[in-house]
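This is what each chain is made of:
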Amino acid sequence: MLFLCCAAGLSVPRAIAGPLEDGIEQYYYKRFHTAAMFFEEACAKDPMNWKPHFYLARTLEQLREYEAAKAEFEYCFRLNPFSKEGRLAKAAVLELASDREKRKHVAEDPMIVQQALRLINHQSADLKGRLRADAE
């Protein structure tokens with residue numbers, strides 16, 4: 001999978017070439033859990049290299065682990081803020097934050113749930129009363 005790294009214009013240090021390349025290959029085949037494992041291994045071998053952190057963040061996004069992905073993107077941005085990938089990481093952090101706000105449902109508020117239940121009970125009692133009146 002060295003081809004994918006070279007095609008993306010990435011130079012991979014020898015110490016992490018194996019896990020990073022394996023992770024990219026697994027990501028390509030949509031084996032995200034395995035890819036995350038390889039990217040975590042690459043991050044552990046060279047924690048100051050932003051590339052495995054960036055790929056791990058993208059993989060975590062696919063796994064819908066948004067908070068972990070956000071943390072990895074932030075770390076990637078702190079390691080290399082002025083590169084293209086640093087800007088992409090910053091944009092991804094902002095996008096994940098806005099997506100999180102969009103995913104919040106109004107119905108999660110207990111007061112709204114209680115109001116909805118009261119309304120449903122009231123409507124069903126009204127309907128029950130009308131059905132009884134019609135039946136008599």
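Residues numbered from 1 in each chain as written. Predicted model: local features only at pLDDT ≥ 70, side-chain atom pairs only at ≥ 80, totals over all residues. Heavy atoms only, no water.

(A) Expanded view of the nonpolar core. Grouped together as the largest cluster of nonpolar side chains are 22 residues, with contacts concentrated most on Leu20, Phe39, Phe54, Leu56 and Phe73. Those elements that provide at least two residues to this core are helix H2 (14-28), helix H3 (32-45), helix H4 (50-62), helix H5 (66-79) and helix H6 (84-103). If sequence neighbours within four positions are ignored, Phe73 has contacts with Phe54, Ala57, Arg58, Glu61, Ala89, Ala92, Val93 and Leu96. (Core = buried A, V, L, I, M, F, W, Y, C linked by side-chain atoms within 4.5 Å. Buried < 20%, exposed > 50% of the residue type's maximum accessible area, 1.4 Å probe, protein only. Helix = DSSP H or I, 4+ residues; strand = E, 2+ residues; numbered from the N terminus. Contact = heavy atoms within 4.5 Å.)

(B) Here's a closer look at the state of the cysteines. With the rule as written, the count across this model stands at 0 disulfides. Cysteine Cys43 shares no disulfide, and the gap to the nearest cysteine sulfur, in Cys76, comes to 9.3 Å. Using a relative accessible area of 8% as the deciding quantity, one classes Cys43 as buried. (Disulfide = S-S within 2.5 Å.)

(C) How the structure looks around a nonpolar patch on the surface. On the surface, a cluster of nonpolar side chains totalling about 260 Å² of accessible area is made up of Val113, Leu117 and Ile120. Mapped onto the elements, Leu117 comes out in helix H7 (residues 110-135). (Patch = residues over 30% accessible without salt bridge, like charges linked within 9 Å, V, L, I, M, F, W, Y side chains within 5 Å. Areas by Shrake-Rupley, 256 points an atom, 1.4 Å probe, with all protein chains shown as cover. Salt bridge = Lys/Arg side-chain N within 4 Å of Asp/Glu carboxyl O.)

(D) Fine view of the side chain of Ser83. Looking at the secondary structure, you find Ser83 in the loop between H5 and H6. Using a relative accessible area of 14% as the deciding quantity, one classes Ser83 as buried. Engagement of the side chain of Ser83 in a polar contact is seen with the side chain of Asn80, the distance being 3.1 Å. (Polar contact = N/O pair within 3.5 Å; in protein donor to acceptor, adjacent residues only side chain to side chain.)

(E) Fine view of the packing of H4 against H5. Closest axis-to-axis distance for the H4/H5 pair is 8 Å, and the angle between their directions is 160°. If you check the angle between H4 and H5, you find them roughly antiparallel. Crossing of H4 against H5: the hand is left-handed. Each of Trp50, His53, Phe54, Leu56, Ala57, Arg58, Leu60 and Glu61 in H4 lies in contact with H5, whose residues at this interface are Tyr66, Ala68, Ala69, Glu72, Phe73, Tyr75, Cys76 and Leu79. For the contact of H4 with H5, a count of residues per class yields 12 nonpolar, 1 polar and 3 charged. (Axes fitted to C-alpha atoms, helices over the stretch in contact; angles between N-to-C directions. Parallel < 35°, antiparallel > 145°, perpendicular 65-115°, else oblique. Left-handed = near helix turned anticlockwise from the far one by under 90°. Nonpolar A, V, L, I, M, F, W, Y, C, P; charged D, E, K, R; others polar.)

(F) Summary view of the packing of aromatic side chains. As enumerated under the stated definition, the model contains 5 aromatic pairs in all. Centre to centre, the rings of Phe39 and Tyr55 are 5.6 Å apart; their planes meet at 15°, and the pair counts as stacked. In this pair, Phe39 sits in helix H3 while Tyr55 sits in helix H4, placing the two residues 16 residues apart along the sequence. Aromatic side chains Phe54 and Tyr55 sit 6.3 Å apart centroid to centroid with 75° between the ring planes, which places their arrangement in the edge-to-face category. (Phe/Tyr/Trp six-rings, centres within 6.5 Å; stacked < 30°, edge-to-face > 60°.)

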